[in-house]
Amino acid sequence: VTTPDQTKKRMPASDAPPLGIQREPSFATSFCNELFLYPRSLQDCAKRNVVVRVELRRCTWHEEFSMLVASPPLRNVHNQRRGPAAVRHAYTSVAYHAHNPHFLDEFKIKLPLTLERDHVLMFSVFNIRVKGGGRKKLLGKAKNMLAHKGPASVAPEDPSADDPWGSPALELLGVGVLSLNE
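Keep in mind that what you see is a predicted model, and the values were worked out from it rather than measured. (Residues numbered from 1 in each chain as written. Predicted model: local features only at pLDDT ≥ 70, side-chain atom pairs only at ≥ 80, totals over all residues. Heavy atoms only, no water.)

Examining the overall build of the protein
To keep it simple, the criterion reads: A helix here means a DSSP run of H or I that spans at least four residues, while a strand means a run of E at least two residues long, and both kinds are numbered starting from the N terminus. Under the scheme applied here, a residue whose accessible area is under 20% of the maximum for its type counts as buried, over 50% as exposed, and between as partly exposed, the area being computed with a 1.4 Å probe on protein chains only. Note on areas: Shrake-Rupley with a 1.4 Å probe; residue coverage comes only from the protein chains shown.
Looking only at helices and strands, one finds 2 helices and 9 strands in the protein. Overall, the protein shows an N-to-C arrangement of helices and strands of α-β-β-β-β-β-β-β-β-α-β. Put simply, the protein has 182 residues, and 24% of those count as buried. Element-wise, carbon and sulfur atoms account for 57% of the exposed surface of the protein, whose accessible area totals about 13600 Å².

Spelled out as structure tokens, the structure:
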């Protein structure tokens, strides 16, 4: 008869324990704090040809201005197209010629491991103008950008800030904020 102390002394040098001795299992684990978002519809929209932009931001209330101030968007939205894996915002597909648009899009947002009180999802609704002199405006804007010397004078909230040629067809209709901590 062998005692447990004698069994430990005779254990082989390999990683596999001898029969009858249990080793604590190890698991490969990871933690992902992700939010899947499905914007479905807008009710009684005044315009047609609507698209929705989704962003993760930090917003704080400033008493001196009596307003909610948003920081620049975080790079936490999964990119479904070519390019970097995480982007600052993503757009839904265009609901063409619909007063009550419905969307079938899915967004994956990587949330910070610790959600602060000021983390919010910001939804911006845009109208896309499909009629008119879009090409003429686009060429005029490109000519102005080439003639401009120095840094570009495009506001960070401008939807055309990411597009070097500008996007004269986007018109901001409204913005909504959804808190992630309530």
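Describing the pattern of salt bridges
Note the threshold: Whenever a carboxyl oxygen of Asp or Glu lies within 4 Å of a side-chain nitrogen of Lys or Arg, that contact is scored as a salt bridge.
Considering all chains together, one arrives at 6 salt bridges under this definition. A salt bridge links Arg53 to Glu55; the shortest N-O distance between them is 3.8 Å. Here the two residues Arg53 and Glu55 agree in accessibility, since each one is buried. Because the salt bridges share partners, they merge into one network encompassing Lys47, Arg129 and Glu171.

Description of the packing of aromatic side chains
In plain terms, the rule: Two rings belonging to Phe, Tyr or Trp (six-membered ring only in the last case) form a pair when the distance between their centres is within 6.5 Å. Interplanar angles under 30 degrees mark stacking, angles over 60 mark edge-to-face geometry, and anything in between is tilted.
By the definition in use, this model includes 1 aromatic pair. For the ring pair Tyr91 and Phe126, a centre distance of 6.3 Å and an interplane angle of 50° mean the geometry is tilted. Here Tyr91, found in strand 6 (residues 89-91), pairs with Phe126, found in strand 8 (residues 119-128); they are 35 residues apart in sequence, far enough to count as distant. Using a relative accessible area of 1% as the deciding quantity, one classes Phe126 as buried.

Some details on the side chain of His119
Put simply, the test is: Residues are treated as being in contact if the distance between any of their heavy atoms lies within 4.5 Å.
Checked against the element boundaries, His119 lands in strand 8. Excluding residues within four positions of it along the chain, His119 makes contact with Arg57, Arg58, Leu74, Pro112, Thr114, Ser179 and Leu180.

Examining unusual backbone geometry
In most cases, non-glycine residues show a negative phi, while peptide bonds are predominantly trans. Not every positive phi belongs to a glycine, and Ser66 is a case in point at roughly 55°. Tracing the chain through its elements places Ser66 in the loop between strand 2 (50-62) and strand 3 (67-70). Taking relative accessible area as the criterion, Ser66 reaches 51% and is therefore assigned exposed. With phi around 55°, His97 is a residue other than glycine that occupies positive phi space. On the basis of relative accessible area, His97 is assigned to the partly exposed category, the value being 49%.

Read these as geometric descriptors, not functional statements.
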